[in-house]
Amino acid sequence: MEVLFATSVWLISTIFTGLAILGGILGYLYGPYWGVRRVPGPPTIPLLGHLPLLAKYGPDVFSVLAEQYGPIFRFHMGRQPLIIVADAELCREVGIKKFKDIPNRSIPAPISASPLHQKGLFFTRDARWSTMRNTILSVYQPSHLASLVPTMQSFIESATEKLHSSKEEEITFSTLSLGLATDILGQAAFGVNFGLSNTHSIGKSIKKIDGEDNDDEVSDFINQHIYSTTQLKMDFSGSLSIILGLLVPILQEPFRQILKRIPGTMDCKVERTNRKLSGRVDDIVAKRMKDRERGSKDFLSVIMKAMESEAVSKNFFTPDYISAVTYEHLLAGSATTAFTLSSIVYLVAGHPEVEKKLLAEIDGFGPSDQMPTAHDLQHKFPYIDQVIKEAMRFYMVSPLVARETSRDVEIGGYLLPKGTWVWLALGVLAKDPKNFPEPDKFRPERFDPNCQELKQRHPYAFIPFGIGPRSCIGQKFALQELNLSLIHLYRKYVFRHSPDMEKPLELEYGIVLNFKNGVKLRVIRRT
Ligand code: HEM
């Protein structure tokens with residue numbers, strides 16, 4: 001009798017424990033979904049969520065879903081539901097009108113393992129973010145940007161000279177533009193000349209990291225930067241711990257701790273690279289902190305000066321944060337600007353009528369050795385401005401921007417609980433035929449300030465640099481660099497698509513959009 005009783009108690013307690021564990025697992029897996037279940041979205045597969053749809057449609061997945069489910073819908077990145085906002089007015093609501101309820105960014109799995117990425121402006125939160133942002137804003141005053149024109153110019157000149165002396169007819173333009181953008185930012189951020197736009201080293205060097213080939217200090221540093229950036233994948237091509245982070249976030253960190261110790265795994269390589277990279281950035285910062293002489297105008301010096309002169313900033317800008325914001329400068333500005341420059345040149349190469357107007361405007365500015373000032377760049381090249389905007393609309397480098405609610409908030413008729421990830425689908429807005437008729441046509445004239453299409457467009461339909469107080473801090477820097485680069489390039493050359501290039505261009509999702517196979521172009525010298 002006693003044995004039977006004990007067995008029954010054991011059985012019941014086992015069942016209850018089992019049920020509690022099951023409940024815990026289900027609660028963990030479906031908890032985030034429960035709060036937003038009323039928002040429409042496609043049926044989800046447990047654990048995977050909607051990742052198979054991402055694999056099927058690629059970056060177009062959000063346009064496909066917006067057509068089916070409307071301006072606000074659910075997309076499950078593995079376990080994590082995202083509320084995707086694909087409407088200009090709702091973006092204004094999230095980014096501007098309700099900013100105080102949605103002031104921060106959610107941190108996606110690929111970033112959560114990297115303090116260097118987390119301590120930059122992008123992922124800092126609340127009061128720390130606003131203090132950091134206000135200090136950093138001083139670096140982007142128009143006068144400071146204008147003073148960077150000669151630096152940008154000299155890098156662009158040396159990159160274009162390389163084309164001039166090159167015997168090859170075909171180049172991978174995306175490699176050249178990444179070298180150029182990284183060099184400009186290396187100088188602007190750290191005051192260091194990486195020397196990439198003078199060599200053909202980038203493509204080769206990425207491979208060197210895998211093979212542990214030790215190059216000199218600078219290119220080693222930059223190789224690590226590129227490797228670290230390109231490994232931050234948002235789909236199933238990232239490291240094992242990142243994939244686990246997408247599926248079961250709680251497992252990401254323990255698995256990363258194990259995998260990073262196993263030689264040959266991608267986690268091990270990423271860890272080693274990030275450690276070296278942080279070490280190098282920290283060394284530069286520590287050296288500069290000791291160095292009393294800070295006459296230079298690079299980002300790092302300006303941040304340090306601001307830190308020393310303001311008590312508030314001093315508390316916030318500890319050396320680890322200084323390293324992170326300086327590195328972020330390089331990170332946020334290089335791949336984005338390089339992608340944009342490559343896509344402009346690629347699109348112009350396929351549209352002779354656009355090329356003709358562009359050349360006429362550039363040639364009409366003055367003799368080819370007349371360097372434009374920052375003021376000229378803003379006012380004397382209206383067609384370049386239209387071409388840049390249209391190319392950014394056509395291939396939006398950052399098609400999604402992340403936000404997270406800090407309290408319960410109503411958006412588009414749905415009450416979203418505190419902690420909901422709300423992502424703005426800038427890429428979907430940019431291809432919405434309501435605001436951009438025939439969206440798959442490349443037509444810079446749709447950004448002519450006098451055209452009817454622009455006048456009828458929603459003011460927030462085109463927001464490639466984001467929206468509201470958290471919008472891109474480097475927008476003017478990037479536009480100045482793009483304008484200067486285009487003027488210099490088209491004064492000497494025109495470009496044609498290489499027969500080796502796939503059509504249409506294939507893209508892949510990293511932390512920003514990237515070209516799967518690079519942009520290969522044939523260079524033609526203008527006489
Ligand atoms: C064509 C080039 C670029 C594009 C398309 C771009 C795009 C973006 C976008 C979409 C965001 C998010 C905005 C939001 O959440 O509303 C962002 C944020 C940011 N960008 Fe850029 N960016 C570019 C160049 C740069 C450059 C050159 C820098 C630095 C020199 C930079 C630094 C940043 C930083 C620090 C943030 C975070 C701002 C904050 O949270 O306060 N970006 N960028």
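- Under the annotation held in an unreviewed UniProt entry, the protein carries the name Cytochrome P450 711A1-like and is attributed to Pyrus ussuriensis x Pyrus communis.
- Taken from UniProt, the Cofactor (unreviewed entry) comment for the protein reads in full: "heme".

## Here we look at the overall build of the protein
Here is step 1 of the chain: On a plain count of helices and strands, the protein comes out with 23 helices and eleven strands.
Here is step 2 of the chain: When each of the 527 residues of the protein is scored for burial, the buried share is 53%.
Here is step 3 of the chain: Looking at the protein alone, contacts between residues at least 24 apart form 71% of all its contacts between residues at least 6 apart.
Here is step 4 of the chain: Element-wise, carbon and sulfur atoms account for 59% of the exposed surface of the protein, whose accessible area totals about 23,800 Å².

## Regarding the packing of aromatic side chains
Here is step 1 of the chain: Overall, the coordinates contain 13 aromatic pairs when judged by the stated rule.
Here is step 2 of the chain: Ring centres 4.9 Å apart and planes at 65 degrees place the aromatic pair Phe 62 and Phe 75 in the edge-to-face group. In this pair, Phe 62 sits in helix α3 (residues 61-69) while Phe 75 sits in strand β1 (residues 72-77), placing the two residues 13 residues apart along the sequence.
Here is step 3 of the chain: What makes Phe 62 buried here is its relative accessible area of 3%.
Here is step 4 of the chain: Phe 75 sits in the buried class, given a relative accessible area of 0%.
Here is step 5 of the chain: Three or more aromatic residues joined by ring pairs form one cluster here, namely Phe 173, Tyr 490, Tyr 493 and Phe 495.

## Quick notes on the environment of Pro 352
Here is step 1 of the chain: If you trace the backbone, Pro 352 turns up in helix α18 (residues 352-365).
Here is step 2 of the chain: With relative accessibility at 55%, the residue Pro 352 sits in the exposed group.
Here is step 3 of the chain: Sequence separation between Pro 352 and Glu 170 is 182 residues; the distance between their C-alpha atoms is 19 Å.

## Some words on the sheet that holds strand β4 (residues 401-404)
Here is step 1 of the chain: The four strands lie next to each other as β1-β2-β7-β4, forming an open sheet whose pairing is mixed. Pairing within the sheet leaves two strands with one partner each, and these edge strands are β1 and β4. Put simply, the sheet's adjacent strands are angled 35 degrees from each other on average, direction ignored.
Here is step 2 of the chain: Pairing between β4 and strand β7 (residues 421-424): four bridges, direction antiparallel. Following the sheet pairing, Ala 402 is matched in β7 by Trp 423.
Here is step 3 of the chain: With respect to the sheet, α3 is in contact with β1 and β2 (80-85), its orientation differing from that of β1 by roughly 135 degrees.

## As for the UniProt feature "binding site: heme" (unreviewed entry) in the protein
Here is step 1 of the chain: Using the residue numbers shown here, the UniProt feature "binding site: heme" (unreviewed entry) corresponds to Cys 472.
Here is step 2 of the chain: With residues near it in sequence (within four places) discarded, Cys 472 still touches Arg 133 and Phe 465.

## Details of the side chain of Gln 80
Here is step 1 of the chain: Along the chain, Gln 80 falls in strand β2.
Here is step 2 of the chain: Excluding residues that lie within four positions of it along the chain, Gln 80 makes contacts with Phe 75 and Trp 421.

## Structural notes on helix α20 (residues 382-394)
Here is step 1 of the chain: End to end, α20 covers 18 Å across 13 residues, agreeing with the expected 18 Å (1.5 Å per residue, within 8%).
Here is step 2 of the chain: For α20, the tally of buried residues reaches ten of 13 residues, placing the bulk of the element in the interior.
Here is step 3 of the chain: Packed against the buried residues of α20 are α17 (319-349), α18, α21 (426-430) and α23 (475-492).

## Details of the sheet that holds strand β11 (residues 520-525)
Here is step 1 of the chain: On the basis of which strands lie adjacent, the open sheet formed by three strands has the order β3-β11-β8 and antiparallel pairing. At either end of the open sheet lies a strand with only one pairing partner, and these are β3 (170-172) and β8 (493-497). Put simply, the sheet's adjacent strands are angled 40 degrees from each other on average, direction ignored.
Here is step 2 of the chain: Sitting on the sheet, α23 is in contact with β8 and β11, with an inclination near 90 degrees to β8.

## Regarding the site of the ligand
Here is step 1 of the chain: Residues in contact with the ligand amount to 30 residues; listed here are only the nearest, Arg 105, Trp 129, Arg 133, Arg 403 and Cys 472.
Here is step 2 of the chain: At 2.6 Å, a side-chain N or O of Arg 105 approaches an oxygen atom of the ligand.
Here is step 3 of the chain: Contact between the ligand and Ile 467: an oxygen atom at 3.0 Å from a main-chain N or O atom of the residue.
Here is step 4 of the chain: Mapped onto the shell around the ligand, the elements with two or more residues apiece are α6 (126-137), α17, β4 and α23.
Here is step 5 of the chain: Here the shell around the ligand takes seven residues from α17, the largest share from any one element.
Here is step 6 of the chain: Counted by class, the shell around the ligand contains 16 nonpolar, nine polar and five charged residues.

## Here's the deal with the UniProt feature "transmembrane region" (unreviewed entry) in the protein
Here is step 1 of the chain: The UniProt record annotates "transmembrane region" (unreviewed entry) at residues 6-30.
Here is step 2 of the chain: As annotated, residues 6-30 comprises 100% helix and 0% strand, and the C-alpha atoms at either end are separated by 35 Å.

## Remarks on the packing of helix α9 (residues 173-190) against α23
Here is step 1 of the chain: Interaxial distance between α9 and α23 falls to 12 Å at its minimum, and their mutual angle equals 130 degrees. The orientation of α9 relative to α23 falls into the category oblique. Judged by the sense of rotation from one axis to the other, the crossing of α9 with α23 is right-handed. Contact residues: α9 offers Phe 173, Leu 180, Ala 181, Ile 184, Leu 185 and Ala 188, while α23 offers Phe 477, Glu 481, Ser 485 and Leu 489.
Here is step 2 of the chain: Of the residues contributing to the contact of α9 with α23, the split by class is eight nonpolar, one polar and one charged.

## Overview of the environment of Val 9
Here is step 1 of the chain: Inspection of the secondary structure puts Val 9 in helix α1 (residues 2-34).
Here is step 2 of the chain: Sequence separation of Val 9 and Leu 341 is 332 residues, and the distance between their C-alpha atoms is 71 Å.

## Quick word on the confidence of the model for the protein
Here is step 1 of the chain: Mean pLDDT over the protein: 83, with 85% of residues reaching 70 or higher.
Here is step 2 of the chain: Under a pLDDT of 50 for its full length, residues 200-215 has, in the predicted model, 24 contacts with residues more than four places off or in other chains.
Here is step 3 of the chain: Here the complex is predicted with pTM 0.88, and the ipTM for its interfaces comes to 0.99.

## Examining the side chain of Arg 105
Here is step 1 of the chain: Within the secondary structure, Arg 105 is located in the loop between α4 (88-97) and α5 (115-118).
Here is step 2 of the chain: There is no salt bridge for the buried Arg 105, and the closest opposite charge comes from Glu 328, which lies 6.6 Å off by N-O distance.

Cut-offs and rules
Residues numbered from 1 in each chain as written. Predicted model: local features only at pLDDT ≥ 70, side-chain atom pairs only at ≥ 80, totals over all residues. Heavy atoms only, no water. UniProt positions renumbered as here; feature names shortened; annotations may be inferred. Helix = DSSP H or I, 4+ residues; strand = E, 2+ residues; numbered from the N terminus. Buried < 20%, exposed > 50% of the residue type's maximum accessible area, 1.4 Å probe, protein only. Contact = heavy atoms within 4.5 Å. Areas by Shrake-Rupley, 256 points an atom, 1.4 Å probe, with all protein chains shown as cover. Phe/Tyr/Trp six-rings, centres within 6.5 Å; stacked < 30°, edge-to-face > 60°. Pairing = 2+ DSSP bridges. Axes fitted to C-alpha atoms, helices over the stretch in contact; angles between N-to-C directions. Expected span 1.5 Å × (residues − 1). Near = heavy atom within 4 Å. Polar contact = N/O pair within 3.5 Å; in protein donor to acceptor, adjacent residues only side chain to side chain. Nonpolar A, V, L, I, M, F, W, Y, C, P; charged D, E, K, R; others polar. Parallel < 35°, antiparallel > 145°, perpendicular 65-115°, else oblique. Left-handed = near helix turned anticlockwise from the far one by under 90°. pLDDT = per-residue confidence, 0-100. Lys, Arg positive; Asp, Glu negative; His and termini not counted. Salt bridge = Lys/Arg side-chain N within 4 Å of Asp/Glu carboxyl O.

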